[in-house]
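The residues making up each chain are set out below.
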Amino acid sequence: MAAPCYLGWDFSTQQLKVIAIDEQLRVVYEDNVHFDKDLPEFKTQGGVYIHSDRLTVTSPVLMWVKALDMILEKMKSSGFNFSQVRALSGAGQQHGSVYWKKGSIQILKNASSKLPLHQSLKACFSVSNSPIWMDSSTASQCSALEKAVGGAQHLASVTGSRAYERFTGNQIAKIYSQNPEVYMQTERISLVSSFAASLFLGAYAPIDYSDGSGMNLLQIWEKVWSVSCLNACAPGLEEKLGCPVPSHSVLGPISPYYSQRYGFSPDCKIVAFTGDNPASLAGMRLQEGDIAISLGTSDTLFLWIQEPTPALEGHILCNPVDSQTYMALLCFKNGSLMRERIRDDCASGSWDEFSKALSSTVAGNNGNLGFYFDVMEITPEAVGIHRFNRDNQKVSDFPKEVEIRALIEGQFMAKRIHAEKLGYKVKGKLEVQRESPDHLTPTSLFSLLGSVVQIFTICTFSLIYMLYCIAVPRTRILATGGASHNKKILQVLSDVFNAPVYTIDTANSACLGSAYRAIHGLVAEMNVSLADVVKLAPEPRLAVTPTTGAEELYRPLLKRYAALEQKVIYNPTSSCLAK
């Protein structure tokens, strides 16, 4: 009998990817279909259509279906044994939406295994080109939604994010306002993730909590749709969305279509699909207390977070592998391109020279701080280069080595400040968690409580509290992306966060995370954690640990940086664009 395996799918912007892993978590098969190259008949560029207004961005739904047909045929031709697949799950680019025409459920359910799926489904979509995450054409809908629910902060407090143009609720509102007849012809609205799951299920798959958090529609605390948000977007929307489900849910067995056409076992289970960012959290195997930092063209933070405080910047999503906790996402647009420009200007284009400059300057940079935004930043909303000396006076330039350290320290201080704004608590290597009430001091307790029994109770409480302190997970930073190969940059990251930095290989992390989640879905109801499921996966590699005294050095600098940030936030009348 063939050894069991698990499939992970990723319906991303530019391609469809699949990975198969065995029970030892080894990758045994991988493949992809590149939309532009392999499906040229759809005439996409980068997998999308950018419309004439330069704001509207869509992708053809049938292209995604045809890509699935194509990749399954490739797997079949290669001799892949579909009967060994016990479960599958997947990811989809976040925020994108698919509109199923009335009557489509029957076509999906009864698709003939003699035909490729795209032929059966070609008339099933009331909107043939799906709005995706790159779309920024819904500014008026965003304003209307925030106004309807009592402001941007209130919307963030309810749904995890203020109104964003790419978020699904605002895209639905635009379709309803511009094409009400198309909206009325729609019986189901899926996210890209739940649409993809529907293809395998042969029925409409529910939206999972985690991807549903990126719509401006889900109450992230109660994990139900917000009636006020739904009503602000379009009438009858709750019925078209269906009930959201936990991200680890087993949705049912695979559609008979796949058993008949490809030889899948009828017992193969479909685990709820989720968004690509949540799936990456699973692929990177984040645990409580962890931060993942992707140092790429834009820098992205993923945080595993227990008690989030949604803000006007960043996003809070339901955690895809633990429905009692949350994940936070922060995006910083000025990432590697900004680092490369300062390298070119101050280190003759050499990373070795750049690293030497970091080594030759002291941690804290003698109080010199800088903000470096070549393009309008997202977090915070600011642009331009802003330098401040130790006395908080604005200066026009720094010596080259000071400039380099100011850039790197500033980028990482911003990340820590904004992570903490969202409720993340950095737990350093020597830090003791002091969360008991201030009035529970030994002096006040002994003055109030005199009896032996009461003192024994206090000792017991203290012992339990000490055990709690030991058990609290310490912060661990998982770094990936181009700059994660530079140890001097990672040392600054470690010092600013007062936490060890590990490096990880995240090639295809959303795909791999989906395969991990397929395994996890089969055992999640038995209170088995994802961490237990993926114990055999390679461990991250320890790169650097914080320098002694780093926390004491950076704590006052972080306060200064946060205060100065308020001075540089974008104001059209006083923006500094000097370089």
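Calculation notes
- Residues numbered from 1 in each chain as written.
- Predicted model: local features only at pLDDT ≥ 70, side-chain atom pairs only at ≥ 80, totals over all residues.
- Heavy atoms only, no water.
- Buried < 20%, exposed > 50% of the residue type's maximum accessible area, 1.4 Å probe, protein only.
- Helix = DSSP H or I, 4+ residues; strand = E, 2+ residues; numbered from the N terminus.
- Arc of directions from axis to C-beta.
- Contact = heavy atoms within 4.5 Å.
- Pairing = 2+ DSSP bridges.
- Patch = residues over 30% accessible without salt bridge, like charges linked within 9 Å, V, L, I, M, F, W, Y side chains within 5 Å.
- Areas by Shrake-Rupley, 256 points an atom, 1.4 Å probe, with all protein chains shown as cover.
- Salt bridge = Lys/Arg side-chain N within 4 Å of Asp/Glu carboxyl O.
- Expected span 1.5 Å × (residues − 1).
- Core = buried A, V, L, I, M, F, W, Y, C linked by side-chain atoms within 4.5 Å.

Draft legend 1. Molecular detail of helix H6 (residues 152-159). Where H6 is concerned, the buried positions are Ala152, Leu155, Ala156, Val158 and Thr159. The arc that holds the buried residues of H6, viewed along the axis, is 165°, so those residues lie on one side. Tucked inside the fold, the buried residues of H6 contact helix H5 (139-149), strand E10 (218-219), helix H11 (227-233) and strand E17 (315-318). Once H6 finishes, Gly160 follows within two positions and takes phi at roughly 95°, a positive value.

Draft legend 2. Fine view of the pairing of strand E18 (residues 326-332). The buried fraction of E18 amounts to 6 of the 7 residues, a majority that puts the element mostly inside the structure. Judged from the 7 bridges that link them, strand E16 (residues 299-305) and E18 form a sheet pairing that is antiparallel. Counterpart to Asp299 in the pairing with E18 is Phe332.

Draft legend 3. Geometry of a nonpolar patch on the surface. There is a patch of nonpolar side chains on the surface, built from Ile50, Trp133 and Met134 and spanning about 260 Å² of accessible area. Within the secondary structure, Trp133 is located in the loop between strand E8 (129-131) and H5.

Draft legend 4. Molecular detail of helix H23 (residues 550-568). Look at H23: 26 Å from first C-alpha to last across 19 residues, which is about the 27 Å you get at 1.5 Å a residue. Taken residue by residue, H23 has Ala550, Glu551, Tyr554, Leu557, Leu558, Arg560, Tyr561, Leu564, Glu565 and Val568 as its buried positions. In this fold, the buried residues of H23 make contact with strand E19 (369-373), strand E20 (384-388), helix H17 (400-421) and helix H20 (487-497).

Draft legend 5. The arrangement of unusual backbone geometry in detail. Between Thr379 and the following residue, Pro380, the backbone shows a cis peptide bond with an omega angle of 0°. Inspection of the secondary structure puts Pro380 in the loop between E19 and E20. For Leu25, which is not glycine, the phi torsion reads 70° and is therefore positive. For Leu25, the location among the structural elements is in the loop between strand E2 (15-22) and strand E3 (27-34).

Draft legend 6. Region of the structure containing the pattern of salt bridges. This structure, assessed with the given rule, holds 21 salt bridges. The closest approach of N and O atoms between Arg555 and Glu551, which form a salt bridge, is 3.6 Å. Taken together, the positions of Arg555 and Glu551, both in helix H23 and 4 residues apart, correspond to about one turn of that helix. Arg555 sits in the partly exposed class, given a relative accessible area of 43%. By relative accessible area, which is 11% here, Glu551 ends up buried.

Draft legend 7. Region of interest: the nonpolar core. In this structure, Ile172, Leu217, Leu237, Leu241, Phe354 and Phe497 are the most contacted members of the largest nonpolar core, which totals 88 residues. A per-element tally of this core places H17 first, with 10 residues. Beyond its immediate stretch of four places on either side in the chain, Leu217 contacts Thr159, Gly169, Ile172, Val224, Trp225, Ser226, Cys229, Leu230, Cys233, Leu237 and Leu241.

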